[in-house]
Amino acid sequence: ETWSKLGLHPHIVCCHYVREIEGVPRIFAEYVDCGSLRDWIDKRWLYAGGHSKTLARMMDFAIQFAWGLHFAHENGLVHQDVKPANVLVTRDGVLKVTDFGLAEARGVAESLKEDAPGRSILASYGGMTQAYCSPEQAEIAEMAKAGVDREKWPHLGRKTDTYSWAVSICEMFFGGVTWPSGSVVNEVLRQYADGCFDTSGIPPMPEALCSLLGECLSRTPESRPGSLWEIAARCREIFREVSGTPYTRAEP
């Protein structure tokens, strides 16, 4: 219901309404026809057309992704489960963030279960996905496991989504997930910058983007950039530098 109240935005999947059918809440949402960003990475659609086209596409996706999340933040909603699987792509290359508000619902459902089976690091549970979680989300998971009262848990704000956005952009350039937890991706990024990854077929990450992602992956939220709108603006400048042309997609 919170998602449905966000309203229309070009980089948000529109949730039309929620209806309960046979005792189960059903979400009626906009149909997006070309899979998720996760599909684009796994099936290598993201890397088609040579390095220059691929790099421009990757920067374009990063900007749209940031715009969508910023809109949600400005409307008081923190996603909490930002990852490529929760970003859909249209036939025209428009990115739309989806599954807003479901992380919290999953967290509530998780707390009602007596036994939690083993899960993939790419599967959502407890209000996050392990491979994309921020350090503060990882801390909450440990505190919850130890039975610490909710009142003592760290606050999850918009900079939690900033962290997971950066992890998702890293995945685009790394070609997949190679880490056990999102909370260690800053170190993985340093290894990438040192040339420790074999990413043949994928353009190298621009130095300016590597620096920006390093800021976003700071372990302390207050050290991360102020907003995803600011981050999108910096990505637009990086797009201009690497492509030699201005970014032409209209600001929403």
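Here, the structure is the one placed above.
Because the structure is a prediction, the values reported are computed rather than measured. (Residues numbered from 1 in each chain as written. Predicted model: local features only at pLDDT ≥ 70, side-chain atom pairs only at ≥ 80, totals over all residues. Heavy atoms only, no water.)

Below, the discussion takes up the overall build of the chain. Each helix and strand in the chain was counted, giving eight helices and six strands. The order of α-helices and β-strands along the chain, N terminus first, is β-β-α-α-β-β-α-β-β-α-α-α-α-α. Relative to the compact-globule value of 18 Å for 252 residues, the chain shows a C-alpha radius of gyration of 18 Å, a close match. Over its C-alpha atoms, taken along the principal directions, the chain stretches across nearly 55 × 40 × 30 Å. Among the 252 residues that make up the chain, the fraction classed as buried is 49%. Partitioning the intrachain contacts of the chain with sequence separation of at least 6 by distance along the chain shows that 64% fall at a separation of at least 24. By element, 51% of the accessible surface of the chain is carried by carbon and sulfur atoms, the whole surface being about 12200 Å². (Helix = DSSP H or I, 4+ residues; strand = E, 2+ residues; numbered from the N terminus. Rg over C-alpha atoms; globule rule 2.2 N^0.38 Å. Buried < 20%, exposed > 50% of the residue type's maximum accessible area, 1.4 Å probe, protein only. Contact = heavy atoms within 4.5 Å. Areas by Shrake-Rupley, 256 points an atom, 1.4 Å probe, with all protein chains shown as cover.)

Moving on, we come to the pattern of salt bridges. In total, this model carries 13 salt bridges according to the counting rule given. Taking the shortest distance from any N to any O, the salt bridge between Asp 42 and Arg 38 comes out at 3.0 Å. In this pair, Asp 42 and Arg 38 both sit in helix α1 (residues 37-42), four residues apart, roughly one turn of the helix. Glu 237 is paired through a salt bridge with Arg 240; the nearest N and O atoms lie 2.4 Å apart. Of this pair, Glu 237 and Arg 240 both sit in helix α8 (residues 228-243), separated by three residues, roughly a single helical turn. The class of Arg 240 is partly exposed, set by a relative accessible area of 39%. Several salt bridges converge on common partners, so that one network encompasses Arg 38, Asp 42 and Glu 171. (Salt bridge = Lys/Arg side-chain N within 4 Å of Asp/Glu carboxyl O.)

Here six bridges tie strand β1 (residues 15-21) to strand β2 (residues 24-29), and the two strands are oriented antiparallel to one another. Bridge assignment links Tyr 17 to a residue of β2, and that residue is Phe 28. In sequence, β1 turns back onto β2 through a hairpin of two residues, with Glu 22 there showing a positive phi of about 55°. (Pairing = 2+ DSSP bridges.)

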